[in-house]
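In case you want the letters, here they are:
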Amino acid sequence: MSSGIKDMKPGDYVKDSGGNLREIASVHGVDPNGRLAKPSEGGFYVKTKDGSTIGMYDARSYHKRNEIR
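The rules behind the values
Residues numbered from 1 in each chain as written. Predicted model: local features only at pLDDT ≥ 70, side-chain atom pairs only at ≥ 80, totals over all residues. Heavy atoms only, no water. Pairing = 2+ DSSP bridges. Helix = DSSP H or I, 4+ residues; strand = E, 2+ residues; numbered from the N terminus. Salt bridge = Lys/Arg side-chain N within 4 Å of Asp/Glu carboxyl O.

Visitor: Just to check I follow, could you spell out the pairing of strand S2 (residues 21-28) for this structure?
Guide: One face of the sheet, then the other: side chains in a regular strand alternate in exactly this way. Pairing analysis gives 3 bridges linking strand S1 (residues 13-15) to S2, with the strands arranged antiparallel. Counterpart to Tyr 13 in the pairing with S2 is Glu 23. Hairpin connection, S1 to S2: the antiparallel pair is bridged by 5 residues, and Gly 19 has positive phi, about 90°. Pairing analysis gives 4 bridges linking S2 to strand S3 (residues 45-48), with the strands arranged antiparallel. By the bridge assignment for S3, Ser 26 is matched with Lys 47.

Visitor: Quick question: what am I supposed to make of the pattern of salt bridges here?
Guide: Where charged atoms of side chains with opposite charge meet at close range, the side chains can pair. On inspection of all chains with the given rule, the structure shows 5 salt bridges. With its nearest N and O atoms 4.0 Å apart, the salt bridge here joins Glu 23 to Lys 49. With Glu 23 in strand S2 and Lys 49 in the loop between S3 and strand S4 (53-55), this pair connects stretches of sequence that are 26 residues apart. The salt bridge partner of Glu 41 is Arg 35, with a shortest N-O separation of 2.8 Å.

Written out as structure tokens, the structure is:
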């Protein structure tokens, strides 16, 4: 099953361009109605627990916490 940025919450995971899974601390650029910010509006991205920012072009996949084994 594939998850998207609209499904992500803190505690879920993003796979970065290097193939590393990183735990999400916060999600940015998704409004309460699920609209994604355009690149001209800053785009969408996640901040990870390790302090990294994974932007819309660097995220390879998103995974709910319960999908990670």
